[in-house]
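# Structure assessment
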Amino acid sequence: MINTIQAHVIGASRYKMDNGVQGAKISIMQAASADNENAIGNQVSVMTAPYDIFDQLHAAAPHMPCAMELDIELRTSSAAAGGKTVLHVLAARRPNATGSQPQPATNSDKK
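Everything numeric in this text was worked out from a predicted model, so none of it was measured.

### Let's talk about the confidence of the model for the chain
Any segment with low pLDDT has predicted coordinates that should not be analysed in fine detail. Looking at the chain, pLDDT values average 84 and 84% of them are 70 or higher. The weakest mean pLDDT in the chain belongs to helix α1 (residues 53–58) at 89; the strongest belongs to strand β2 (residues 22–31) at 95. Contacts of residues 99–111 to residues separated by more than four positions or lying in other chains number zero contacts, the stretch itself having pLDDT below 50.

Spelled out as structure tokens, the structure:
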């Protein structure tokens, strides 16, 4: 199942090895949940991604760290591989602007 999240992306890197394995890592930071009595402040998470996601993030690089909209999927490896669960980013983009637009100044204040 694919979910879309709003995340504060603080960095990204990609790799390509001689054996053909390639991918990317995306680091995000989020405030610790107020409901979690075992965490305070900010938490950093690292997500996996395909190699080409780095190019999508590169467009936002001059503004990093920044808010991004990420399409993510929860992936679990086989028990033989350790049964690890990771968040895997499938797409990244700048979030759509929401909220009201600034109103132009009026001359009604002048007398």
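### Overview of the pattern of salt bridges
Tallied over the full model, the rule gives four salt bridges. A salt bridge links R14 to D55, with the nearest nitrogen and oxygen atoms 3.1 Å apart. With a gap of 41 residues between them, R14 in strand β1 (residues 2–16) and D55 in helix α1 connect regions that are remote in the sequence. For R14, a relative accessible area of 34% puts it in the partly exposed group. Taking relative accessible area as the criterion, D55 reaches 45% and is therefore assigned partly exposed. Between E73 and R75 there is a salt bridge, and its shortest N-O distance comes to 2.8 Å. Taking the relative accessible area as the measure of exposure, R75 reaches 36% and is therefore partly exposed. Salt bridges linked by common partners bring E69, D71 and R93 together as one network.

### Examining the side chain of D71
As for its position among the elements, D71 is in strand β4 (residues 66–76). Judged by relative accessible area, D71 falls into the buried class, the value being 15%. Within the structure, the side chain of D71 is placed 2.7 Å from the side chain of T4, a separation counted as a polar contact. For D71, the contacting residues outside a window of four places in its chain are I2, N3, T4, H88, V89, L90, A91 and R93.

### Let's talk about a nonpolar patch on the surface
Taken together, Y15, M17 and V21 make up a surface patch of nonpolar side chains, about 250 Å² in accessible area. Within the element layout of this structure, V21 appears in the loop between β1 and β2.

### A closer look at the side chain of E69
Its place among the elements puts E69 in strand β4. In this structure E69 comes out as buried when scored by relative accessible area, which is 13%. Leaving out residues up to four positions away in the same chain, E69 has contacts with T4, I5, Q6, A91, A92, R93, P95 and N96.

### A closer look at unusual backbone geometry
Following M64, the chain continues into P65 via a peptide bond in cis, with omega recorded as -5°. Structurally, P65 is set in the loop between α1 and β4.

Analysis parameters
Residues numbered from 1 in each chain as written. Predicted model: local features only at pLDDT ≥ 70, side-chain atom pairs only at ≥ 80, totals over all residues. Heavy atoms only, no water. pLDDT = per-residue confidence, 0-100. Helix = DSSP H or I, 4+ residues; strand = E, 2+ residues; numbered from the N terminus. Contact = heavy atoms within 4.5 Å. Salt bridge = Lys/Arg side-chain N within 4 Å of Asp/Glu carboxyl O. Buried < 20%, exposed > 50% of the residue type's maximum accessible area, 1.4 Å probe, protein only. Polar contact = N/O pair within 3.5 Å; in protein donor to acceptor, adjacent residues only side chain to side chain. Patch = residues over 30% accessible without salt bridge, like charges linked within 9 Å, V, L, I, M, F, W, Y side chains within 5 Å. Areas by Shrake-Rupley, 256 points an atom, 1.4 Å probe, with all protein chains shown as cover.

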